[in-house]
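Observations on the model geometry
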2 protein chains.
Amino acid sequence: MKYVHSCMIRGDGGRTLRAILDQICNKWTLLVVATLDAGTLRFKELHQRIPGISQRMLTLTLRNLERDGLVSRTVHAEVPPRVDYELTETGRSLLEPALALAGWAIEHVPQIEASREAYKKA
Amino acid sequence: MKYVHSCMIRGDGGRTLRAILDQICNKWTLLVVATLDAGTLRFKELHQRIPGISQRMLTLTLRNLERDGLVSRTVHAEVPPRVDYELTETGRSLLEPALALAGWAIEHVPQIEASREAYKKA
DNA sequence: GCCCCTTGGTTACTATCGGGAAGTAACCAC
DNA sequence: GTGGTTACTTCCCGATAGTAACCAAGGGGC
């Protein structure tokens, strides 16, 4: 619809949009944002709540989110170190479409798995 | 919210969901689905309407979408060959959340770019 | 002091992915 | 048989994702 059209209208042929879509719309970014829906969380809490993510990937994902202004990072000068991550206002605005997509995925997992099975046999 | 929770509840610790999210939620899949909003399209039409995608990536993306039952592929025995791609009903149900995310990205491109500039300088 | 623990990373390395160019198969018009 | 179109496939290589191991700064027990 109009979104797709405006994607073409941009001067760079949508390159910027594609680059940003590529970063926003990936497994880890989506899961981190969805997890931060719970509020302020520490690095380790995020690591525990997102099964399967490695420390490195969590670090990189958080850095990108921070750079893009979707997540704020607060370091407390304590021992053991304490770093808090929280969604910014922009980050919270991503929550709705992100959860919509995640919800769609959850709803359609059985259907997709069935389709894959059928495809494999054919 | 409940989506994130049910993601954890699954027996495999959300591995299946993550794998599916990873495939649904990437640049090319999203753009192909959004482009097929226009209706039935041929391979070449898709290639032209999605600037920046390579033939290889378009082929792979379409194969995955077909395998997952989101896109139907119809080969016409004509010369020159004609292959039509169309969203299935499941595919069309993805349209709404996909366009919502794409819309979010388009709306926030300037903000994100500004944030990146500020981050680079700091 | 000495050792181990926790937290929040970083480093080094490997595997997989994506892009670009070139090749292929099928058929037609000239 | 030469060139053209369409829808792919194959190959190479650089970039990116992911895994495992390591590190620094204390705190607490002994």
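Residues numbered from 1 in each chain as written. Chains lettered and ligands numbered in written order. Predicted model: local features only at pLDDT ≥ 70, side-chain atom pairs only at ≥ 80, totals over all residues. Heavy atoms only, no water.

Details of the state of the cysteines
Quick note on the threshold: By definition, disulfides here are pairs of cysteine sulfur atoms that lie within 2.5 Å. Secondary structure is summarised from DSSP: a helix means a run of H or I of at least four residues, a strand means a run of E of at least two, and numbering begins at the N terminus for each. The classification of residues rests on relative accessible area computed with a 1.4 Å probe and restricted to protein chains. Under 20% of the type maximum is buried, over 50% is exposed, and intermediate values are partly exposed.
Enumeration according to the criterion identifies 1 disulfide over all chains in this entry. Between the sulfur of Cys-25 of chain A and that of Cys-25 of chain B lies a disulfide, 2.3 Å long from S to S. Of this pair, Cys-25 of chain A sits in the loop between helix 2 (15-24) and helix 3 (27-35) while Cys-25 of chain B is found in the loop between helix 2 (15-24) and helix 3 (27-35), placing the two residues in two different chains. The two residues Cys-25 of chain A and Cys-25 of chain B agree in class, both being buried.

Some points on the protein's contact with DNA strand D
Note the threshold: Summary of the distance rule: residues count as near a molecule or strand when at least one heavy atom falls within 4 Å of that molecule or strand. Definition of a polar contact: a pair of N or O atoms within 3.5 Å, with one able to donate and the other able to accept a hydrogen when the atoms are protein atoms, and with sequence-neighbouring residues admitted only if both atoms are side-chain atoms.
Around DNA strand D sit 19 residues in total, of which Trp-28 and Arg-56 of chain A together with Gln-55, Arg-73 and Tyr-85 of chain B are the nearest. Looking at DNA strand D alone, sugar and phosphate atoms form 66% of those within 4 Å of the protein. At 2.7 Å from a phosphate oxygen of DNA strand D is found a side-chain nitrogen or oxygen belonging to Trp-28 of chain A. A distance of 2.5 Å is found between a base nitrogen of DNA strand D and a side-chain nitrogen or oxygen belonging to Arg-56 of chain A. Elements supplying a minimum of two residues to the surface near DNA strand D: helix 3 and helix 5 (55-67) of chain A together with helix 4 (43-49), helix 5 (55-67) and strand 3 (82-87) of chain B. A per-element tally of the surface near DNA strand D places helix 5 of chain B first, with 4 residues.

As for the pairing of strand 2 (residues 71-76) of chain B
Using the following cut-off: DSSP bridges decide pairing: two strands pair if at least two such bridges lie between them.
Here strand 2 of chain B runs beside strand 3 of chain B; their pairing, made up of 6 bridges, is antiparallel. Following the sheet pairing, Ser-72 of chain B is matched in strand 3 of chain B by Glu-86 of chain B.

A short note on the protein's contact with DNA strand C
So the rule is basically this: Classes in brief: Ala, Val, Leu, Ile, Met, Phe, Trp, Tyr, Cys and Pro nonpolar; Asp, Glu, Lys and Arg charged; the others, Gly included, polar.
If you check the shell around DNA strand C, you find 18 residues, and the closest are Lys-44, Gln-55 and Arg-73 of chain A together with Arg-56 and Met-57 of chain B. Close to the protein, within 4 Å, the atoms of DNA strand C belong to sugar or phosphate groups at a rate of 69%. Note that a phosphate oxygen of DNA strand C is positioned 3.0 Å from one of the side-chain N or O atoms of Arg-42 of chain A. Within the side chain of Tyr-85 of chain A, a nitrogen or oxygen atom sits 2.7 Å from a phosphate oxygen of DNA strand C. When residues of the surface near DNA strand C are traced back to their parent elements, those giving at least two are helix 4 (43-49), helix 5 and strand 3 (82-87) of chain A together with helix 5 of chain B. It is helix 5 of chain A that provides the largest number of residues to the surface near DNA strand C, a total of 4 residues. Here the surface near DNA strand C is composed, by residue class, of 8 nonpolar, 3 polar and 7 charged.

Details of the nonpolar core
In plain terms, the rule: The nonpolar core is taken to be a set of buried Ala, Val, Leu, Ile, Met, Phe, Trp, Tyr and Cys residues, with the residues joined through side-chain atoms within 4.5 Å. Two residues form a contact once any of their heavy atoms are found within 4.5 Å.
Within the largest apolar cluster, 66 residues are counted, with the highest numbers of intra-cluster contacts made by Leu-36, Leu-46 and Leu-94 of chain A together with Leu-36, Leu-46 and Leu-94 of chain B. In contact with Leu-36 of chain B, not counting residues within four places along its chain, are Leu-41, Leu-46, Val-71, Tyr-85 and Leu-87 of chain B.

A short note on helix 5 of chain B
Residues and elements named next belong to chain B. Heads up, the rule is: What a helix is expected to span follows from its residue count: subtract one and scale by 1.5 Å.
For helix 5, which comprises 13 residues, the first-to-last C-alpha distance of 18 Å matches the rise-based estimate of 18 Å (1.5 Å per residue) to within 8%. The inward-facing, buried residues of helix 5 abut helix 3, helix 4, strand 2 and strand 3. Downstream of helix 5 by a residue or two, Gly-69 has a phi angle that is positive, lying close to 75°.

Comments concerning the interface of chain B and chain A
Stated formally: Simply put, the buried area is the total loss of 1.4 Å probe accessible area from both parts when two parts are fitted together. Each salt bridge in this description consists of a side-chain nitrogen of Lys or Arg and a carboxyl oxygen of Asp or Glu lying within 4 Å of one another.
In this assembly, 53 residues from chain B lie in contact with 53 residues from chain A. Of the roughly 5200 Å² buried between chain B and chain A on both sides combined, carbon and sulfur atoms contribute 72%. Along the contact surface separating chain B from chain A lie 4 salt bridges. The interface formed by chain B and chain A contains 17 residue pairs in polar contact (both at pLDDT 80 or more). For the side of chain B that touches chain A, the elements supplying multiple residues, two or more each, are helix 1 (2-9), helix 2, helix 3, helix 5 and helix 6 (89-121) of chain B.

Some remarks on the sheet that holds strand 1 (residues 41-42) of chain A
All names here are of chain A. Inclusion rule: The axes are straight lines fitted to the C-alpha atoms, using for helices just the contacting stretch, and the angles between their N-to-C directions are given from 0 to 180°.
The 3 strands are arranged 1-3-2 in an open sheet whose pairing can be described as antiparallel. Each end of this open sheet is capped by a strand with a single partner; those strands are strand 1 and strand 2 (71-76). Contacts from helix 5 reach strand 2 and strand 3, with the element oriented near 110° to strand 2.

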